[in-house]
Amino acid sequence: MNDPLISVKGLSVDYISEGADINAVQNVSFDIYPGEVFGLVGESGSGKSTVVQAMMRILPPPALINRGKVLINNQDIMTASPSEIIGFRWKQISIVMQSALNALNPVLSIREQINDVLVTHSGLTGEDANDRAEELLSLVDLDPQRLDSYPHQLSGGMKQRVVIAIALAIMPPIIIMDEPTTALDVIVEREIISKIIELRKKLGFTILFITHDLNLLLEFVDRLAIMKNGEIVELDGVVNIQKGGKHAYTKKLISSIPSASGQREKGLLSKPDSLNLPENPILEVKNLKKVFESPGLFNKNIIKAVEGVSFEVFEGEIIGLVGESGSGKSTIAKLITRLIRPSAGSIYLHGENSQVTESRNVPLEYRKAVQMVFQDPFGSLNSVHTVYHHLARPLIRHGLKEGNEIFTYIVELLEKVGLKPGMSFAEKFPHEMSGGERQRVAIARALSLEPQIIVADEPTSMLDVSIRMEILEIFAKMRIENNLTVLFITHDLASARYLADRIIVLKNGKVIEENKSEDLIQNPVEVYTKQLIKAASPGWLSSLEN
């Protein structure tokens, strides 16, 4: 075998804090060979992005690389000078960051941003730079006329293609892809991955691909390293990993991967013995609309996020609201929980509360009855407060518990969502927990008011597949034990298939298809639904290539 192009040896990174330092990466080692697609997978907080930032020497404080080597073409980047590091970046190794929205400068055109890299690292200017920029956009299947567009004028998929084009500008031998498709819907995500693999075959570069989505990596990587708690627990060829791997954590990940096609697997999530729904709905949405307008007196840009959406949800039912990014599903979640006001339409709880859509001040009873679990377990908890503080606030605000009974109730609630011992977790701060643990706290907070309905907006999108199923199991059990009603919002049709009783498919702010979960999976009507199913099923890459 050839010498490795990248060799990471004994890399350890700590985050300095007032208390004990946090060991984010511990003794990580791996080699990547020329032309290889190497995958690094782990849940949020496992240390995978810290590894990448250390390799690029872009770690922000208070991170500290305390030992280890990163060799690129046998040159140690850890001992390189600042000028040598600049020479590494883009020429030897480039990176496609997680969020294209944040990676692109909003006040510069695409042409200016590509030319900036070309001028800095290759000295190309004028017509030569413009010709190269046009060539790069064509390479990623974008119209060169888009060079004069600004980031806000492009879709999420287009922005990600631009970031890939910028990474390819100097044709480096190594490209790091750090969660490059996280913010994209599943169909666009698959198209982007297919384009990356096509370019790799054409141009011969080496890829280090970072993600929390094991199911994604199993389709196209050559070798795979699995991280947990800052360590690599298994590293092997993808074929061996697909067979189940050797480590218990790997086996757990593989056994937890749901599919949106084929026969339904049994036992992935708890289901009630029978589903006897009442005659009248607990929640009714009628002709709901939401229009967003850009500020300014002239040339207002109007976005119709939700257009005439109507559906019913019955007590004890789990409804899956599925669609691509921009389909309106998260806007509907915010409308139902009244985080934003609808432009038109009505929301009824038990056939009442039509004033919810009309008044600015939503009744406190409605807030208590309809609770929300947010997508980002990092952003939804305040880092300066303990878990106890987060759970105690709603209880005090609604006057449900007093004095000593608050702590006892919180401990019981934490243990109900799988955080044991609850007394220990109640005293923790968000940074002391993993992504899955933080999301369990967010669910406990939503459950603390004993709501009738929980709106879960992409609650598992930032978690690895095993923790994803554990979180979904909490909702499944709460439905069985407490007759809880759940509106589950996701772009992952496979997860919706196993959790939801019915699935509603959204596109461009409208409902295009609705059916019982398994009926919709086995007999989809709309072309878009068929595309979603194919994109969430094993073998999607080969189907795109064919």
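Below you will find a few notes about this structure.

Parameters and conventions
- Residues numbered from 1 in each chain as written.
- Predicted model: local features only at pLDDT ≥ 70, side-chain atom pairs only at ≥ 80, totals over all residues.
- Heavy atoms only, no water.
- Helix = DSSP H or I, 4+ residues; strand = E, 2+ residues; numbered from the N terminus.
- Buried < 20%, exposed > 50% of the residue type's maximum accessible area, 1.4 Å probe, protein only.
- Polar contact = N/O pair within 3.5 Å; in protein donor to acceptor, adjacent residues only side chain to side chain.
- Contact = heavy atoms within 4.5 Å.
- Salt bridge = Lys/Arg side-chain N within 4 Å of Asp/Glu carboxyl O.
- Arc of directions from axis to C-beta.
- Pairing = 2+ DSSP bridges.

Points about the side chain of R223
Point 1. Assignment of secondary structure puts R223 in strand β9 (residues 223-228).
Point 2. Residue R223 is classed as buried on the basis of its relative accessible area, which comes to 19%.
Point 3. A polar contact of 2.5 Å, which involves the side chain of R223, links it to the side chain of E36.
Point 4. Here R223 is in contact with D31, I32, Y33, E36, V37, F38, G39, L235, D236, G237 and V238, once residues within four sequence places are set aside.

With respect to the pattern of salt bridges
Point 1. Summed over the entire model, instances satisfying the criterion amount to 16 salt bridges.
Point 2. Between R132 and E135 there is a salt bridge; the shortest N-O distance is 2.9 Å. Here the residue R132 and the residue E135 both occupy positions in helix α5 (residues 126-139), the gap between them amounting to three residues, near one helical turn.
Point 3. Notably, a salt bridge pairs D501 with K271, separated by 3.6 Å at the nearest N-O pair. Linking D501 in the loop between α18 (493-499) and β18 (502-507) with K271 in the loop between α10 (248-255) and β11 (283-293), this pair joins segments that are 230 residues apart in sequence.
Point 4. In this structure D501 comes out as buried when scored by relative accessible area, which is 15%.
Point 5. Through salt bridges that share partners, D141, K195 and E198 make up one connected network.

A few points about the environment of R223
Point 1. On a C-alpha basis, the gap between R223 and G237 in space is 4.2 Å, while along the polypeptide they are 14 residues apart.
Point 2. Only 2.5 Å separates the side chain of R223 from the backbone oxygen of D31, close enough to count as a polar contact.

Brief notes about helix α20 (residues 527-535)
Point 1. Looking at α20, one finds that the buried residues are Y528, T529, L532, I533 and A535. Buried residues in α20, looked at end-on, bunch into an arc of 165°, giving them a common side. In α20, the exposed positions that point more than 90 degrees away from the buried face belong to V527 and K534.

Structural notes on the pairing of β18
Point 1. In terms of burial, β18 is a largely internal element, five of the six residues being buried.
Point 2. Inspection of the sheet shows strand β13 (residues 318-323) paired to β18 by five bridges, in the parallel sense. When the bridges of β18 are listed, V322 appears paired with V505.
Point 3. Where β18 and strand β19 (residues 510-516) come together, six bridges link them in antiparallel fashion. Considered in β19, the bridge of I503 is made with N515.
Point 4. In this structure, the hairpin formed by β18 and β19 is closed by a connection of two residues, where N508 is found at a positive phi of approximately 55°.

Topic: the environment of S109
Point 1. On the secondary structure map, S109 appears in the loop between α3 (100-103) and α4 (110-122).
Point 2. According to the relative accessible area criterion, S109 is buried, its value standing at 7%.
Point 3. For the pair formed by S109 and L463, sequence separation is 354 residues and the distance between their alpha carbons is 34 Å.
Point 4. Beyond its immediate chain neighbours, meaning those up to four positions away, S109 contacts L147, D148, S149 and Y150.

Describing unusual backbone geometry
Point 1. Residue P62 follows P61 across a cis peptide bond; omega there is 10°.
Point 2. Residue P421 is bonded to the preceding K420 through a cis peptide linkage, with omega at -5°.
Point 3. Structurally, P421 can be placed in the loop between α14 (404-416) and α15 (422-426).
Point 4. In this model, N74 sits at a positive phi of 65°, which is unusual for a non-glycine residue.
Point 5. The class for N74 is exposed, based on a relative accessible area of 63%.
Point 6. The phi torsion at E450 lies on the positive side, around 50°, for a residue other than glycine.
Point 7. Summarising the element assignment, E450 is placed in the loop between α16 (435-447) and β16 (453-457).

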